[in-house]
Amino acid sequence: DGRILAVVIHSDGPQQVGVFDLADGSLTKLTDEAADHWNPALSPDGNSVVCHKRAAGETIPNVERWGTPPGTGLDLIRIAGAFPAFSPDESRMALTGGGFGRIDVMHVDGSNRNTIFEGERRSLFGISWSRAPQRVAFSHGVVFGEASARVNIMMAAPDGEELVALTSDAGN
């Protein structure tokens, strides 16, 4: 909605997620745990933040509704996956799963999780969801690769149909 940005906060401990207010320049921490939080995404209406939580030895459910951090009015959602992107109507999310080897689409409550594209482990990232037509775009290449790594932009309908490569042998 243009008021805030969802951000990762690097400090002396694990990475946390917060929001940066564009009007006043304030930073509000949303998580504060002994676990790393990654890949925050803001819903189109600006009322929800979804992120990936990584904690050694801990199993993250498909969707974990964390609640509303005090003073924010935001709904914080944690997922078992990474690089989340909300659908324009906020009813679904696209995300990576399987160690960055799958693109999945599911309802925001975690139900109906389906794989729409499978690649090699650590090969899928950077998801976004277009408004019209409804398509999920993502990067296919080496996650966190060198600048010379081959990375291409792919796009598919949310049901996995109509897969198309938008680039061919593009760089990182």
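Calculation notes
Residues numbered from 1 in each chain as written. Predicted model: local features only at pLDDT ≥ 70, side-chain atom pairs only at ≥ 80, totals over all residues. Heavy atoms only, no water. Pairing = 2+ DSSP bridges. Helix = DSSP H or I, 4+ residues; strand = E, 2+ residues; numbered from the N terminus. Axes fitted to C-alpha atoms, helices over the stretch in contact; angles between N-to-C directions. Buried < 20%, exposed > 50% of the residue type's maximum accessible area, 1.4 Å probe, protein only. Polar contact = N/O pair within 3.5 Å; in protein donor to acceptor, adjacent residues only side chain to side chain. Contact = heavy atoms within 4.5 Å.

A. Highlighting the sheet that holds strand β5 (residues 48-54). Strand order across the open sheet formed by four strands is β4-β5-β7-β6, with mixed pairing between neighbours. Of all the strands in the sheet, just β4 (36-42) and β6 (63-67) have a single pairing partner and so form its edges. The sheet shows a mean angle of 30° between the axes of neighbouring strands, direction not considered. As defined by bridge partners, β4 adjoins β5 across five bridges and the pair is classed as antiparallel. Counterpart to Ala41 in the pairing with β5 is Val50.

B. Highlighting the side chain of Gln15. For Gln15, the location among the structural elements is in the loop between β1 (4-9) and β2 (16-21). Overall, Gln15 belongs to the buried group, its relative accessible area being 9%. In terms of polar contacts, Gln15 uses its side chain to reach the side chain of His10, at 2.9 Å. Not counting residues up to four positions away in its chain, the partners in contact with Gln15 are Val8, Ile9, His10, Ala35, Asp36, His37 and Trp38.

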